[in-house]
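# Results of the structural survey
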Amino acid sequence: MPDQTDAKLEKIVALCKRRGFVYQGSEIYGGFAGTWDYGPLGVELRRNVVEAWTKAMTREHENITMIDSSIFTSGKVWQASGHVSGFSDPLVICQGCHNKYRADHLLENIGAVADEKMAEAEINKLFDERRRDLVCPNCGQKNFGRVAAKNLLATATLGMFEESDEPVYLRGETAQGIYINYKNILDSGFYAVPFGVAQIGKVFRNEISPRQFLFRKREFEQMEMQYFVQPQAAPATYEEWKRERMSFYDRLGVAQTKLRWQQHEKMVFYARDAWDIQYEFPFGWNELEGVHYRGDYDLTQHQKFSGVDLSVLDEKTGQRFIPHIVETSVGLDRLILMLLADAYDEDEMGGEKRVVFKLAPNMAPVKAAIFPLLRNKPALVDKAREVYRQIKQTETRLIMFDDNGNIGKRYRRQDEIGTPYCVTIDFQTFEDDTVTVRARDTGEQERVKIVELLTHLN
Ligand code: GAP
C-alpha cells in the first residue's frame, strides 16, 4: 500500500471534519494516533450501517442471534485463541528518525512480495536482501534496524494488583466473545447447530502504523458473525456466506466494479480458508471484509484450555462433534470509509461546482432538510417549522431544519452531507399547501402536497 495520502482521501477527511462526521481523536492535544471520534452526522451514518448489517445478518435469518460480550475477558481466552503467541505484525524502526513501520508494507511499496504472516526470520531475510532499496518515507535515510514480530494485543491493568496476576488484554476481535458464550447460547434451548451468533463491538489492536483515516485504527469497531455448522456442511455453507456478503454491498449501492474477491495466500493461524472482499479505496485495492472458514480450531482450543466440553450431539448418528465455524468479519469504520469514498463526488449543477456525497438514501445521515425560502419572513419560517414538526412526529430518522444563509448555500451544504431531499416552503405554499422538493443527484424540483410529503420522501 503506498504511503502517501491520496488527494481524494484528504478531501474526504477535511469534509468529515468540516461537517461533523469524524474528528481526529484528542485533536486539541495534538491527536492520539489510531483514534478518530464520530461527530453528530457520523453517529447517524454509523447507526444506518449498523441497522443495515443487523437486518441482513440476523433479522433476515431464522437461526442467527446476537450477543454483546465484554471487552475484557480472562487472559486465558487469548492464550487459547492463539493471539498471545501468534497475532503479530513485523515492526521495523528507522534508526535515523525513529519512525516505526510495518516491514511488509515497506517491502510491498518497492514491489517485493511480503506478507504480514511471514515468520520473523523469513521477513528479515527478505528485508536484508532488499535493504539497499528501502528508504525511510519520513527522513529519506536507508538506515533500518532489524524486523521484530510485534504482538497486536493491547494490554491493560484492569483488576491487576499483584505482580503474579495474569496479564489482561483488551479484545483483539469480537469473535472470541462469541466462542466463549456459544455453550451458554446453546443451553438456552432456542438454538441448535447450524446456527449463527453475531456481535458488534469495540476492538483494540496495537497497530504499528495506524493510517489512512478510518482504514487502520487502533481502537475500532467490528461487526462479526460466527456460524456454527456440521463439519460436512461447512464447505457449502462457506460458499453461501461468501455469496451473501458480496450481495450485501450490492444492496448498499456500492459500485460493483470497485469490489472484488482475494484469497489469502498465507492463512492466518486459525483459518482453513480465507477470502477477503476488497474495495478499491482512494489509496488502492484493500481488504474491506474477511470471510473465513475457521474449522474447529477455536472451539477445540477453548475446550482444551477451559476443560469444558464444547461438543454437541448429532441426533442422527449418536456421535458427538465439535461444530465448524464460518466467520464473516468487517470493520464498521472501514465500511464507513468505503461508503464515504464511494459516494464522494465533485460535479457541476446550475453552472456551479459542488461537492456531493451520493450516499444511498438509507445510508444518508439526514433524510431530508426543511427550509423556509427566506429566513427574514416570519410567516415562511413559521410554516416551515410547522411542516418540520409534522414530519418529525412520525419520522424516526433524522430530519433537519435549516434557515442559515441563502437557499443556494443551504443546497450546497446539504449536498455535501448527502441529504437526498431538500424541502422548501415558499409563498405558493400559502396558496395551495404544496412545497418544493429538490432531489440531490439531479437538482430536479417538484411540487408536492404537504399531506403527501412523508409518503413522497419515503
Ligand atoms: N475475527 C477475524 C478478524 O478479526 P481481521 O482480518 O483481523 O479478522 C476483520 O479483521 C476486519 O476488521 C477487517 O476485514 C477490517 O474490516 C477490520 N479491521 C481489521 N483491522 C482494522 C483496523 N486496524 N482498523 C479498522 N478496521 C480494521
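To start, this report covers the structure provided alongside it.

The rules behind these values
Residues numbered from 1 in each chain as written. Predicted model: local features only at pLDDT ≥ 70, side-chain atom pairs only at ≥ 80, totals over all residues. Heavy atoms only, no water. Near = heavy atom within 4 Å. Polar contact = N/O pair within 3.5 Å; in protein donor to acceptor, adjacent residues only side chain to side chain. Helix = DSSP H or I, 4+ residues; strand = E, 2+ residues; numbered from the N terminus. Nonpolar A, V, L, I, M, F, W, Y, C, P; charged D, E, K, R; others polar. Core = buried A, V, L, I, M, F, W, Y, C linked by side-chain atoms within 4.5 Å. Buried < 20%, exposed > 50% of the residue type's maximum accessible area, 1.4 Å probe, protein only. Contact = heavy atoms within 4.5 Å. Pairing = 2+ DSSP bridges. Axes fitted to C-alpha atoms, helices over the stretch in contact; angles between N-to-C directions. Phe/Tyr/Trp six-rings, centres within 6.5 Å; stacked < 30°, edge-to-face > 60°. Lys NZ or Arg CZ within 6 Å of the ring centre and 35° of its normal.

The next subject is the site of the ligand. What surrounds the ligand is a group of 22 residues, the closest being Glu173, Glu224, Glu287, Leu288 and Glu327. The backbone of lysine 217 places a nitrogen or oxygen atom 2.8 Å from a nitrogen atom of the ligand. Here an oxygen atom of the ligand and a backbone polar atom of glycine 331 are 2.8 Å apart. Breaking the shell around the ligand down by element, the ones donating at least two residues are strand E10 (219–229), strand E13 (284–295) and strand E16 (324–331). A total of six residues in the shell around the ligand trace back to one element, the largest contributor, which is E13. Across the shell around the ligand, the residue classes tally to six nonpolar, five polar and 11 charged.

Among the nonpolar cores identified, the biggest contains 58 residues, and Tyr249 and Leu335 are the most heavily contacted of them. Tallying contributions element by element places helix H11 (residues 332–343) first for this core, with nine residues. Dropping the residues within four chain positions of it, tyrosine 249 is found in contact with Val254, Gln256, Leu259, Ile277, Leu288, Glu289, Val330, Leu335 and Met338. The next biggest cluster of nonpolar side chains, apart from the first, holds 18 residues, and it includes Ile370, Leu380, Val437 and Val448.

Attention now moves to the environment of valine 13. As for its placement among the helices and strands, valine 13 is situated in helix H1 (residues 7–19). When its relative accessible area of 24% is taken as the criterion, valine 13 is described as partly exposed. Setting aside chain neighbours within four positions, we find valine 13 in contact with Trp36 and Phe213.

The strand order across the open sheet formed by five strands is E20-E19-E21-E22-E23, and the pairing between neighbours is mixed. The open sheet has two edge strands with one neighbour each: strand E20 (399–401) and strand E23 (445–449). This sheet shows a mean twist of 25° between the axes of neighbouring strands, independent of strand direction. Judged from the four bridges that link them, strand E21 (residues 421–425) and strand E22 (residues 434–439) form a sheet pairing that is antiparallel. Its bridge partner lying in E22, cysteine 422 is registered against arginine 438. Set on the sheet, helix H13 (residues 407–417) makes contact with strand E19 (368–372), E20, E21, E22 and E23; between it and E19 the angle comes to about 170°.

With that settled, the discussion passes to the packing of aromatic side chains. For the coordinates displayed, the defined rule picks out 22 aromatic pairs. The interplanar angle of 90° and the centroid separation of 4.8 Å between the aromatic rings of tryptophan 36 and phenylalanine 213 together place this pair among those described as edge-to-face. Here the residue tryptophan 36 occupies a position in strand E2 (residues 36–38), and phenylalanine 213 occupies one in the loop between strand E9 (195–204) and E10, the gap between them amounting to 177 residues. Residue class for tryptophan 36 comes out partly exposed when judged on its relative accessible area of 22%. Ring plane angle 75° and centroid distance 6.0 Å describe the contact between tyrosine 344 and phenylalanine 357, whose orientation is recorded as edge-to-face. Remark: phenylalanine 357 occurs in strand E18 (residues 352–357) and tyrosine 344 occurs in strand E17 (residues 344–349); sequence separation between them is 13 residues. For the pair formed by tyrosine 344 and phenylalanine 357, the shared burial category is buried. Members of the aromatic cluster, each reached through a chain of ring pairs, are Tyr179, Tyr182, Tyr191, Phe195 and Phe228. Across the ring face of tryptophan 261, the terminal group of lysine 242 is positioned such that the distance to the ring centre comes to 5.8 Å. The ring of phenylalanine 215 carries arginine 334 above its face, with NZ or CZ at 3.7 Å from the centroid.

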